[in-house]
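If you want the building blocks of each chain, they are given just below.
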Amino acid sequence: MTTHTWHGGQLRWNSEARAWSVLAPGRRDRPHVGRAGCPFCPGPGEDTPPETWRLSEGADWLVRAVPNRYALSDHHEIVIESPRHDWDIPTGTVAETAAVLSAWQVRHRALRAGAAQVAVFRNHGAAAGVSLTHPHSQVTGLPVLADSARRDLETAREHHAATGRRFAEDVLTAELSAGRRIVFTDEQIVAFSPFASTADYEVAFLPRALDADFATAPRETIDALAHSLRVVLSALRAELGDPAYNLVVRTAPTGYEDAPFAAWSLRLLPRLTIAAGLELATGIPVITVPPETAAARLRTHVSPTVAS
Ligand SMILES: [Zn+2]
């Protein structure tokens, strides 16, 4: 029975599945609030712990980071993405989304000292776990390496040892050559529906200049990622009407930032269905829309002037 005492909760090790579970009783007390009484809106009702970082314009903030009151770990921050309660990526500007992605980088670099890995994610919609509707994302340092991160690292390391190439490089080459699962691409970013997607309308975003560490990606890559994300989320909204989703950054764990075999990516995981029997019995995700069809449908909403 391996446990890790952790920020008022516990990490428990499942030695059969070789995976961690988090026990975080405090998360149950998260308030479900909308615009009325929103603690993230600027003004007299604003109510957050002291901020750890802000991007300002004059006296106003554009993006700010604060510790999460309902933290999963000692290093769990909220990135408040805009002062506007109704801001969202498809309706905002590319520069605003780029500022959010830059905030993820800054807070990732700040929180990774002492963490085995840092998770960065954005939940959108109640089905994705949102309890507070003001646009925000989360950056949390974990004291252990998740099983999936360890597996991805092993795959990438073995592939690099055998071929001299990053695993992600071969995926990009294959996807660009096949073309059928490409949703959007430009000189910097390739966005595609993964061949074995784990969710309907899943989209992976990879930079053409592959690198292990998201948190130090150059400005032009982040700007291009913001543009591609806005294009794809707008297409998703046009096709499916603003569904719930989780957006997650997959990036090198602490100590692997310069690994020649690793590659960061951004994953969009729409929450269109609820995991049912087979998934719970086997852990095998069930999707209902072929990724080739999902990509083709999303492409119909991508303007040819922005695709290439
Ligand atoms: Zn608000």
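Because the structure is a prediction, the values reported are computed rather than measured. (Residues numbered from 1 in each chain as written. Predicted model: local features only at pLDDT ≥ 70, side-chain atom pairs only at ≥ 80, totals over all residues. Heavy atoms only, no water.)

**So, the domain arrangement of the chain**
1) Next: Split into domains, the chain comes out as domain 1 (3-14 + 35-142) and domain 2 (148-299).
2) Next: In this structure, domain 1 and domain 2 have C-alpha centres spaced 22 Å apart.
3) Next: Contact residues are listed per partner, giving 27 residues for domain 1 and 30 residues for domain 2.
4) Next: The largest share of the area that domain 1 buries against domain 2 comes from Pro-90, Gln-105 and Arg-112, three residues that together contribute 23% of it.
5) Next: If you look at where domain 1 meets domain 2, you find three salt bridges.
6) Next: Notably, a salt bridge pairs Glu-257 with Arg-112, separated by 3.6 Å at the nearest N-O pair.
7) Next: One can count 16 residue pairs in polar contact (both at pLDDT 80 or more) joining domain 1 with domain 2. (Domains from an automatic or database assignment. Contact = heavy atoms within 4.5 Å. Buried area = accessible area lost by both parts, 1.4 Å probe. Salt bridge = Lys/Arg side-chain N within 4 Å of Asp/Glu carboxyl O. Polar contact = N/O pair within 3.5 Å; in protein donor to acceptor, adjacent residues only side chain to side chain.)

**Let's talk about the coordination of the zinc ion**
By definition of the ideal shapes, a tetrahedral metal site with four donors has angles of 109.5 degrees and an octahedral site with six donors has angles of 90 or 180 degrees.
1) Next: Surrounding the zinc ion are the protein donor atoms Cys-38 (SG), Cys-41 (SG), His-85 (ND1) and His-134 (ND1), which sit 2.0 to 2.3 Å from the metal.
2) Next: Every donor counted, the four donor atoms about the zinc ion form angles of 106 to 120° at the centre, which fits tetrahedral coordination.
3) Next: All donors of the zinc ion come from a single chain, and their spacing in sequence reads C-x2-C-x43-H-x48-H. (Donors = N, O, S within 2.8 Å, 3.2 Å for Na, K, Ca; no water. Tetrahedral: all angles 85-135°; square planar, octahedral: opposite > 155°, others 65-115°.)

**Points about the pairing of strand β13 (residues 265-270)**
1) Next: Counting buried positions along β13 gives five out of six residues, so the element sits mostly inside the fold.
2) Next: Sheet topology note: the strand β11 (residues 203-207)/β13 ladder contains three bridges and is antiparallel. By the bridge assignment for β13, Phe-205 is matched with Leu-266.
3) Next: Looking at chain direction, strand β12 (residues 245-250) and β13 are connected through six bridges and run antiparallel. Looking at the pairing, Arg-250 lines up with Ser-265 of β13. (Buried < 20%, exposed > 50% of the residue type's maximum accessible area, 1.4 Å probe, protein only. Helix = DSSP H or I, 4+ residues; strand = E, 2+ residues; numbered from the N terminus. Pairing = 2+ DSSP bridges.)

**As for the UniProt feature "active site" (unreviewed entry) in the chain**
1) Next: Within this numbering scheme, the UniProt entry marks His-136 as carrying the feature "active site" (unreviewed entry).
2) Next: Tracing the backbone through its elements, the reader meets His-136 in strand β8 (residues 136-142).
3) Next: Among residues more than four places away in sequence, those in contact with His-136 are Phe-40, Ile-78, Val-79, Ile-80, Glu-81, Arg-122 and Asn-123. (UniProt positions renumbered as here; feature names shortened; annotations may be inferred.)

**Some thoughts on helix α3 (residues 167-178)**
1) Next: If you check α3, its first and last C-alpha atoms are 17 Å apart, about what 12 residues at 1.5 Å a residue would give, namely 16 Å.
2) Next: Taken together, the buried residues of α3 touch β9 (182-185), β10 (189-192) and β11.
3) Next: Just downstream of α3 lies Gly-179, where phi reads positive at about 80°. (Expected span 1.5 Å × (residues − 1).)

**Focus: the pattern of salt bridges**
1) Next: In the structure shown here, the tally under the stated rule is 19 salt bridges.
2) Next: A salt bridge links Arg-64 to Glu-51, with the nearest nitrogen and oxygen atoms 2.6 Å apart. Here the residue Arg-64 occupies a position in strand β5 (residues 60-67), and Glu-51 occupies one in the loop between β3 (19-23) and β4 (53-57), the gap between them amounting to 13 residues.
3) Next: Of the residues examined, Arg-64 reaches a relative accessible area of 7% and is grouped as buried.
4) Next: The partner of Asp-152 in a salt bridge is Arg-250, with the nearest N and O atoms 3.9 Å apart. Highlighted residues: Asp-152 in helix α2 (residues 147-163) and Arg-250 in strand β12, separated in sequence by 98 residues.
5) Next: The class for Asp-152 is partly exposed, based on a relative accessible area of 39%.

**Quick notes on the side chain of His-108**
1) Next: By the secondary structure assignment, His-108 is in helix α1 (residues 94-111).
2) Next: Setting aside residues no more than four positions away along its own chain, His-108 makes contact with Val-118, Val-120, Val-139, Ala-215 and Thr-251.

**Points about the pairing of strand β6 (residues 76-80)**
1) Next: Here β6 lies mainly inside the structure; five of its five residues are buried.
2) Next: Here β6 shows two buried faces, one formed by His-76, Ile-78 and Ile-80 and the other by Glu-77 and Val-79.
3) Next: In terms of strand pairing, β5 meets β6 through four bridges, oriented antiparallel. In the sheet register, Arg-64 faces β6, and the bridge partner there is Ile-80.
4) Next: Bridge count for β6 against β8 is five bridges, and the pairing is antiparallel. Of the residues in β8, the one forming a bridge with Ile-78 is Gln-138.

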